[in-house]
Amino acid sequence: MQIGQVEAKQESVVRVYPRDDSEVIRPISIGEELTVVAGYIDQVEDYVAILQDDEAAYVEMGHLRLLSGKLSDDAWGPD
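We now turn to the structure provided with this report. (Residues numbered from 1 in each chain as written. Predicted model: local features only at pLDDT ≥ 70, side-chain atom pairs only at ≥ 80, totals over all residues. Heavy atoms only, no water.)

Turning to the side chain of Gln52, a few remarks are in order. Considering the arrangement of structural elements, one finds Gln52 in strand 5 (residues 47-52). Judged by its relative accessible area of 11%, Gln52 falls in the buried class. Only 2.9 Å separates the side chain of Gln52 from the side chain of Arg26, close enough to count as a polar contact. Each residue touching Gln52, except ones within four places of it in the same chain, is listed here: Val14, Ile25, Arg26 and Ala57. (Helix = DSSP H or I, 4+ residues; strand = E, 2+ residues; numbered from the N terminus. Buried < 20%, exposed > 50% of the residue type's maximum accessible area, 1.4 Å probe, protein only. Polar contact = N/O pair within 3.5 Å; in protein donor to acceptor, adjacent residues only side chain to side chain. Contact = heavy atoms within 4.5 Å.)

Among the secondary structure elements, Met61 is positioned in the loop between strand 6 (55-60) and strand 7 (64-69). Overall, the relative accessible area of 22% leaves Met61 in the partly exposed class. Residues Met61 and Asp46 lie 15 residues apart in sequence; the distance between their C-alpha atoms is 5.4 Å.

If you want it as structure tokens, here you go:
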């Protein structure tokens, strides 16, 4: 379920799991918009679940800017 939209505020990477040592799926460019999804591991170690190839993947929260919605099932965000 989609719950928000974010934009990369710095270059980053999409990871398979919310850990620094997990496999990198692809790089993210500044300004790239991503869809936040719910129902997955939320905000583990400051990562956000995003939609990547119809599955959840993870990006460091500090590298993103919230555009709309929220970052997790229980997080507050502008509606």
